[in-house]
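Inside the fold
Each chain, written out:
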Amino acid sequence: RACRVVGADLAHVPYWAAPLRSPTPVVVTIHDIITWLTPEYRRGAPAKLYQALVTAGARGAAAVITDSRASQADIVRHLDLPPERVSPIYLGVDTSYSPQQDLLLDMAIRRKYNLPESYVLYLGGFALHKNVTTLLLAYTYVAQALGDDYPLLLAGRKPADGGRHTPDYERYIAELGLGEAVRWLGFVDEADKPALYRHAAAFVFPSRYEGFGLPPLEAMACGTPVVATAGGSLDEVLGDAALAVDPDDEKGMGGAIIAVLVQDDLAADLRERGRRRAAAFRWERTAQETIQVYANVVGR
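Residues numbered from 1 in each chain as written. Predicted model: local features only at pLDDT ≥ 70, side-chain atom pairs only at ≥ 80, totals over all residues. Heavy atoms only, no water.

Remarks on the sheet that holds strand β2 (residues 26-29)
Pairing is parallel in the open sheet, where 4 strands are placed in the order β1-β2-β3-β4. Edge positions in the sheet fall to β1 (11-13) and β4 (86-88), since each has one partner strand and no second. Here the strands of the sheet are splayed against their neighbours by 20° on average, with no regard to which way each runs. In this sheet, β4 lies alongside strand β3 (residues 63-66) in parallel orientation, the contact comprising 3 bridges. Looking at β4, one finds that T66 is bridged to P88. Against the sheet, helix α13 (residues 283-298) touches β1, β2, β3 and β4, its axis set at about 170° to β3. (Pairing = 2+ DSSP bridges. Helix = DSSP H or I, 4+ residues; strand = E, 2+ residues; numbered from the N terminus. Axes fitted to C-alpha atoms, helices over the stretch in contact; angles between N-to-C directions. Contact = heavy atoms within 4.5 Å.)

Looking at the packing of aromatic side chains
Evaluation of the coordinates by the stated rule reveals 11 aromatic pairs. Arranged with centres 6.2 Å apart and planes meeting at 55°, the rings of Y90 and F212 form a pair that is tilted. Here F212 lies in the loop between β8 (202-205) and α9 (214-221) and Y90 lies in the loop between β4 and α5 (103-112), a separation of 122 residues in the sequence. Note on Y122 and F205: the rings are 6.3 Å apart at their centroids and 25° apart in plane angle, and the pair reads as stacked. Linking Y122 in strand β5 (residues 120-123) with F205 in strand β8, this pair joins segments that are 83 residues apart in sequence. Comparing Y122 with F205, the two get one shared label, buried. (Phe/Tyr/Trp six-rings, centres within 6.5 Å; stacked < 30°, edge-to-face > 60°. Buried < 20%, exposed > 50% of the residue type's maximum accessible area, 1.4 Å probe, protein only.)

Examining unusual backbone geometry
The phi angle of most residues is negative, glycine excepted, and most peptide bonds adopt the trans form. Residue D80 is not a glycine yet carries a positive backbone phi of 60°. Mapped onto the secondary structure, D80 falls in the loop between α4 (69-79) and β4. The exposure class of D80 is exposed, given its relative accessible area of 62%. Non-glycine residue N131 carries a positive phi angle of around 65°. Looking at where N131 falls in the secondary structure, it is placed in the loop between β5 and α6 (132-146).

Comments concerning the environment of A11
Tracing the backbone shows A11 in strand β1. Taking C-alpha positions, A11 is 9.9 Å from A62, a pair spaced 51 residues apart along the chain. Look past the residues within four positions of A11 in its chain and what remains in contact with it is C3, T24, P25, V26 and V27.

As for the pattern of salt bridges
For the structure on display, the rule yields 14 salt bridges. R198 serves as the salt-bridge partner of D106, at 2.9 Å between the closest nitrogen and oxygen. In this pair, D106 sits in helix α5 while R198 sits in helix α8 (residues 193-198), placing the two residues 92 residues apart along the sequence. The exposure class assigned to R198 is buried, which follows from its relative accessible area of 16%. In this structure, the salt-bridge partner of R208 is D248, at a minimum N-O distance of 2.7 Å. (Salt bridge = Lys/Arg side-chain N within 4 Å of Asp/Glu carboxyl O.)

Digging into the pairing of strand β9 (residues 226-229)
If a strand is regular, its side chains alternate between the two faces of the sheet. Residues of β9 alternate between two faces, with V226 and A228 on one and V227 and T229 on the opposite face, all of them buried. Alignment of β8 against β9, held across 3 bridges, turns out to be parallel. Note that in β9 the partner of F203 across the bridge is V226. Taken together, β8, α9 and β9 constitute a β-α-β crossover, and its handedness is right-handed. One ladder, built from 3 bridges, connects β9 with strand β10 (residues 243-245); its direction is parallel. Within β10, the position partnered with T229 by the bridge is V245. (Right-handed = clockwise from strand over helix to strand, strands pointing away.)

Concerning the sheet that holds β5
Taking strand neighbours across the sheet as the criterion, the 6 strands line up as β7-β6-β5-β8-β9-β10 in an open arrangement whose pairing is parallel. Unpaired on one side and paired on the other, β7 (182-186) and β10 mark the two borders of the sheet. Within the sheet, the average angular offset between the axes of one strand and its neighbour, ignoring direction, is 25°. Direction of pairing for strand β6 (residues 152-155) relative to β7: parallel, over a ladder of 4 bridges. By the bridge assignment, L153 is partnered in β7 with R183.

Structure representation (structure tokens):
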């Protein structure tokens, strides 16, 4: 109805929920198909109905935009869409994500979150595929090697313990004896993220699956060494500018974190490579390529 009222030439639905019918051509953005690829997310009648509806909507769209070539391959394979209808368009990094400090602002943010002098940062979600339990297990090796010098800060909205798709993190942290080594920051305002990245000794991103992987790229833009998991879009986005480890190898992950913290040459190299890599991802390019998809759909 809205498209008819305004006389729209095209409708863009910016996440995976395109309408089944539309009077105008539809472009839909599917950032990833994690719900399709993760069995735990597909259980139950409501989840299966959701999968059927959004898949039908995607198949009826004039074009699909996704965040990486890895996601494009998954969409083509699992949703049975022709490759020419799925356009991989990289996301960008805002210019506020920079190694350049604002001394007064950064000091205020350090006080706001009561940040320690040195820390390792994780910023992201806490659902199963984010693989934070492996990060916690890996951190037992870091705590044994370096004591309390580098606490792990978990940034992002803290989940309810033992939810349907989230582990009981508090219980797991206690079982691992990490009570003194791990601290929850909770929700972080968008404007505060660059300072949190800048002052971290390392950023760790243990996810098993990402459509793109924006947080590690933002950390790299801020000059922070990154340890991430190998495979999928993260290989494509981060390239050789981060240390890549197997998502199931907690010892390897712990060792990579320790290496970044104690080897100054390695950390400096990752900072330099990370800044160069992140500089290639700009929102202007994202916008230009998105407009080109619109033009292709409406025929001008």
